[in-house]
Amino acid sequence: MATERTLCIIKPDAVEKNTAGAVLALLESAGFSILALKRTHLPQAVAEGFYAVHKARPFFGELVTFMTRSPVVIAVLERDDAVAQYRKVMGATDPAKADAGTIRKLYGANVGENAVHGSDSLDNAKNEIAYFFASSEVAPSA
Ligand code: ATP
Ligand code: MG
């Protein structure tokens, strides 16, 4: 399996509940290395740009309001098969449908406030990482 990088955003609901550290610890236990990490309060234009693909969806306004209401923690994760493995650890979009032990089951509240974001393909992961981090900010793995 090839080594990949993917983007994780710990969303405002999880940061507000002081569970960002628990999410990162779970990810490290699951074999991910954290190559870059920052806490930031997303400006509206940055959240709208990040979720531009969902612009036509009925929940777009709600999603941008949620993602900009308080700070997020953004991480670049690396391991073999990182994109698929992180989606597995994240769990289903709706925490009620997520498997036991997944981040969304443990820390998500509902389909909107679901604790974390994860890239859904390797191409999107590359674009999403570049959206938030300069390449000089992403430390190579040891
Ligand atoms: P993410 O992109 O955040 O990793 P995902 O890929 O599981 O999640 P998407 O379909 O890409 O899900 O939706 C993006 C985000 O939009 C979801 O994580 C959730 O916060 C929000 N969202 C999705 N569906 C709904 C909905 N029906 N109502 C409210 N918000 C929703
Ligand atoms: Mg998605």
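Quantities reported herein were computed from a predicted structural model and do not represent experimental measurements.

Caption draft 1: Region of interest: the overall build of the chain. Along the chain, the regular secondary structure elements total seven helices and four strands. Written out in order from the N terminus, the α and β elements of the chain read β-α-α-β-α-α-β-α-α-β-α. Against the compact-globule benchmark of 14 Å for 142 residues, the chain has a radius of gyration of 14 Å, which places it among compact chains. Summarising its shape, the C-alpha atoms of the chain cover approximately 40 × 35 × 25 Å along the three principal directions. Evaluated residue by residue, the chain yields a buried proportion of 46% over its 142 residues. Counting only contacts in the chain whose residues sit at least 6 apart along the sequence, the fraction spanning at least 24 positions is 77%. Accessible surface, the chain: about 7,200 Å² in total, of which carbon and sulfur atoms supply 52%. Each charge class in the chain can be summarised by its mean position, and for the 15 positive and 16 negative side chains these summaries are 3 Å apart.

Caption draft 2: Layout of the pattern of salt bridges. As enumerated under the stated definition, the model contains four salt bridges in all. Put simply, Arg5 and Glu78 hold a salt bridge, and the shortest N to O gap is 3.0 Å. Remark: Glu78 occurs in strand E3 (residues 72-80) and Arg5 occurs in strand E1 (residues 3-10); sequence separation between them is 73 residues. Arg79 is the partner of Asp80 in a salt bridge, and the nearest nitrogen-oxygen pair spans 3.2 Å.

Caption draft 3: Spatial organisation of helix H4 (residues 60-67). For H4, the full list of buried residues reads Phe60, Leu63, Val64, Phe66 and Met67. Buried positions in H4, seen along its axis, are confined to an arc of 160 degrees and lie on one side of it. Of the exposed residues in H4, the ones pointing more than 90 degrees away from its buried face are Glu62 and Thr65. Elements in contact with the buried residues of H4: E1, helix H1 (12-16), helix H3 (44-50) and E3.

Caption draft 4: Main features of the site of ligand 1. The immediate surroundings of ligand 1 are formed by 15 residues, with Lys11, Thr93, Gly112, Asn114 and Gly118 found nearest. The separation between an oxygen atom of ligand 1 and a polar side-chain atom of Asn114 is 2.9 Å. Within the side chain of His117, an N or O atom sits 3.0 Å from an oxygen atom of ligand 1. Alone, ligand 1 offers 580 Å² of accessible surface; in the complex the protein occludes 81% of this. When atom positions are compared with the pocket grids, ligand 1 is found to occupy the largest pocket. When residues of the shell around ligand 1 are traced back to their parent elements, those giving at least two are H4 and strand E4 (116-118). Within the shell around ligand 1, the residues separate by chemical class into four nonpolar, six polar and five charged.

Caption draft 5: Broad picture of the side chain of Ser70. By secondary structure assignment, the location of Ser70 is in the loop between H4 and E3. One polar contact links Ser70 to Glu16, side chain to side chain, over a distance of 2.6 Å.

Criteria and thresholds
Residues numbered from 1 in each chain as written. Chains lettered and ligands numbered in written order. Predicted model: local features only at pLDDT ≥ 70, side-chain atom pairs only at ≥ 80, totals over all residues. Heavy atoms only, no water. Helix = DSSP H or I, 4+ residues; strand = E, 2+ residues; numbered from the N terminus. Rg over C-alpha atoms; globule rule 2.2 N^0.38 Å. Buried < 20%, exposed > 50% of the residue type's maximum accessible area, 1.4 Å probe, protein only. Contact = heavy atoms within 4.5 Å. Areas by Shrake-Rupley, 256 points an atom, 1.4 Å probe, with all protein chains shown as cover. Lys, Arg positive; Asp, Glu negative; His and termini not counted. Charge placed at Lys NZ, Arg CZ, Asp CG, Glu CD. Salt bridge = Lys/Arg side-chain N within 4 Å of Asp/Glu carboxyl O. Arc of directions from axis to C-beta. Near = heavy atom within 4 Å. Polar contact = N/O pair within 3.5 Å; in protein donor to acceptor, adjacent residues only side chain to side chain. 1 Å grid on protein atoms, 1.4 Å probe; cavity = no way out; pocket = protein on both sides within 12 Å on 5 of 7 lines; lining within 4 Å. Sits in = over half its atoms within 2 Å of the grid points. Nonpolar A, V, L, I, M, F, W, Y, C, P; charged D, E, K, R; others polar.

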